[in-house]
Amino acid sequence: MSVQVIIGFYAIICLMMIIFNLSYLQIESIRSWYLSRQTMYLSKELQEEIARNLDFPTDEHRAMLRKKLRRLPGMESFDYTMEQLYKDSPKASEHYLNGISTVFEDLVPYFSKGDQLRRAYYAAITKRWYRARPCNPKLIDAFTGFITSHALYTRQNALEAIVEIGSPRDISRAVHVLDSIESEHSSRLVSETLLMYPGDRDDLADALLSEFDSFSLQMRVCFINFLRLSDSGRIGQEGAPEDRYRFIKNIMDDEDEELDLRLACARYFMHNPWNPALATLLRFARSDSAALWEYAAVVALVLASYPCPKTIRALKNCLRSPVYHVRFNAAQSLYKLGLNLETDLADVLNGPDRYARDMLLYRWEMEKRRKEYNERRRSQQQAEAESSEPTASGDAVSIGGAA
């Protein structure tokens, strides 16, 4: 086969790919335009219909909504219309939404199977606009089923919907299902979603901790992070640990537990200082094992929440660690504790460990530059604010004079 034939064949393939890509972009553009136009048309129609049935949604109006919400343009138009109505009249929109709660429940059989995008959107609009409390159990069952989906956005929207409308027990069951599926789900997303719970976070914490041992390591770390960020109270009820501080400390003390879980417990005591936990934290800080340097690195940050001579001695010892991260975090905590470089830390500066001395000097220089930068930025913003005021008044005078 000659070279010309090969080049010609390759050129034809490239040309066909270009034609295909251009055609696909054109079709997608037309489809997007059609969907947008259909959404706006349905939104206008829906606004007029809602205005007629705002006070007392009739059975005919609910039937119309059920029909429209089965399609993606209908869901988009409903979402857009409710946003506008909520901005214009929150009280009227709440009254209307309470009247159409059964519509969301009646749509469960239709969305229990089918395309992932529509199921995800259905979960999203239910989370935003469903108002019946307590919610209908079949909604929770449907969204719990959605959590087994292979599509991340469907699983996440379903979990958010359950957290928004469900009870703590419903949420605990949903997380169990999420924990049992093969698809990987971000632990950070789980923690952030749990923090969206609109009810009493102590009740949710009790529901999760009452079955703590039945969850995987990843989920248990999520729960400790949730406790750390949610500012839940110290005392638990209804089968959960009575004293959450002691419960978390016991996990941190257990040498058979996994590294990630024990470190999550240590971070918990950074945001929730508790003196009985200090002994364990100091023991972590003194760890000289190269394999366990993560304990010392995390605890070097945590100890900034425990100002005392023991803490300062432990942090100074961390400055001598061969691991850079441990030294870096220890210097940061010493700075946060308000120690003076020339007096409180003179023994380190004048000591034989060059790495400890350099880390302290580096941290203090970095903090000095950060302060200078913040002050310079603040003064620039103030100067811009002051310069904009005369300009505005000058403009007003010139306009008035012209008038």
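Along every chain, residues carry numbers that run from 1 in the direction the sequence is written. Owing to the predicted nature of the model, reporting of local features is limited to residues with pLDDT of at least 70; listing and counting of side-chain atom pairs is limited to 80 or more, with chain, interface and lining totals taken over all residues. Computation of side-chain values: all heavy atoms of the structure, hydrogens and water removed.

**Description of the side chain of Ser101**
Then, number 1: With respect to the helices and strands, Ser101 occurs in helix α5 (residues 101-106).
Then, number 2: N or O atoms within 3.5 Å of each other form a polar contact, as long as, within protein, one can give a hydrogen and the other can take it, and as long as residues adjacent in sequence are counted only when both atoms are side-chain atoms. A polar contact of 3.2 Å, which involves the side chain of Ser101, links it to the backbone oxygen of Leu97.
Then, number 3: By definition in these notes, contact holds between two residues if any of their heavy atoms fall within 4.5 Å. What Ser101 contacts, discounting residues up to four positions off in sequence, is Tyr130, Arg131 and Ala132. Runs of E in the DSSP output that reach at least two residues are strands. Runs of H or I that reach at least four are helices, and both are numbered from the N terminus.

**Focus on the pattern of salt bridges**
Then, number 1: Definition used for salt bridges: Asp or Glu carboxyl oxygen within 4 Å of a side-chain nitrogen of Lys or Arg. This structure, assessed with the given rule, holds 17 salt bridges.
Then, number 2: One network of salt bridges, in which partners are shared, links Asp79, Glu83 and Arg128.

**So, the nonpolar core**
Then, number 1: Remark: nonpolar core denotes a set of buried residues (Ala, Val, Leu, Ile, Met, Phe, Trp, Tyr, Cys) joined through side-chain atoms within 4.5 Å. Only protein chains enter the accessibility calculation, which uses a 1.4 Å probe. A residue is then buried if its area is under 20% of the maximum for its type, exposed if over 50%, and partly exposed in between. The biggest cluster of nonpolar side chains holds 109 residues, and the ones touching the most others in it are Phe143 and Phe269.
Then, number 2: Excluding its chain neighbours within four sequence positions, the residues that come into contact with Phe143 are Tyr122, Ala123, Thr126, Ala158, Ala161, Ile162 and Ile165.

**Comments concerning a nonpolar patch on the surface**
Then, number 1: A patch is a set of surface residues, each over 30% in relative accessible area and not in a salt bridge, joined within 9 Å for like charges and within 5 Å for the nonpolar side chains Val, Leu, Ile, Met, Phe, Trp and Tyr. All accessible areas in this document rest on Shrake-Rupley with a 1.4 Å probe, and a residue is counted as covered only by the protein chains that are shown. Together, Phe9, Ile12, Ile13, Met16 and Met17 line one region of the surface with nonpolar side chains, adding up to about 530 Å² of accessible area.
Then, number 2: Within the secondary structure, Met17 sits in helix α1 (residues 3-53).

**Let's talk about helix α4 (residues 90-99)**
Then, number 1: Here α4 has its buried residues at Ala92, Ser93, Tyr96, Leu97 and Gly99. Each buried residue of α4 lies within a common arc of 155° when the element is viewed along its axis, so the set occupies one face. Working definition: the arc comes from the directions between the helix axis and the C-beta atoms, pointing outward to the latter.

**Section: the environment of Leu54**
Then, number 1: Turning to its location among the elements, Leu54 is positioned in the loop between α1 and α2 (59-68).
Then, number 2: For Leu54, a relative accessible area of 19% puts it in the buried group.
Then, number 3: On a C-alpha basis, the gap between Leu54 and Leu282 in space is 63 Å, while along the polypeptide they are 228 residues apart.

**Notes on the packing of aromatic side chains**
Then, number 1: The aromatic pairing rule takes the rings of Phe, Tyr and Trp, using the six-membered ring of Trp, and pairs them if the centres are within 6.5 Å, calling planes under 30 degrees apart stacked, those over 60 edge-to-face and the rest tilted. Per the stated rule, a full pass over the model turns up 19 aromatic pairs.
Then, number 2: When the centroid spacing of 6.4 Å and the interplanar angle of 20° are considered together, the rings of Phe20 and Tyr24 count as stacked. Pair noted here: Phe20 and Tyr24 are both in helix α1, with a separation of four residues, about one helical turn.
Then, number 3: Looking at Tyr24, the relative accessible area reads 47%, which means it is partly exposed.
Then, number 4: Counting every residue linked through ring pairs, the aromatic cluster contains Tyr110, Phe111, Tyr122, Phe143 and Phe146.

**Observations regarding unusual backbone geometry**
Most peptide bonds adopt trans geometry, and most residues besides glycine take a negative phi value.
Then, number 1: For the bond running from Arg133 to Pro134, omega is -5°, close enough to zero to count as cis.
Then, number 2: Along the chain, the position of Pro134 falls in the loop between α7 (116-129) and α8 (137-146).

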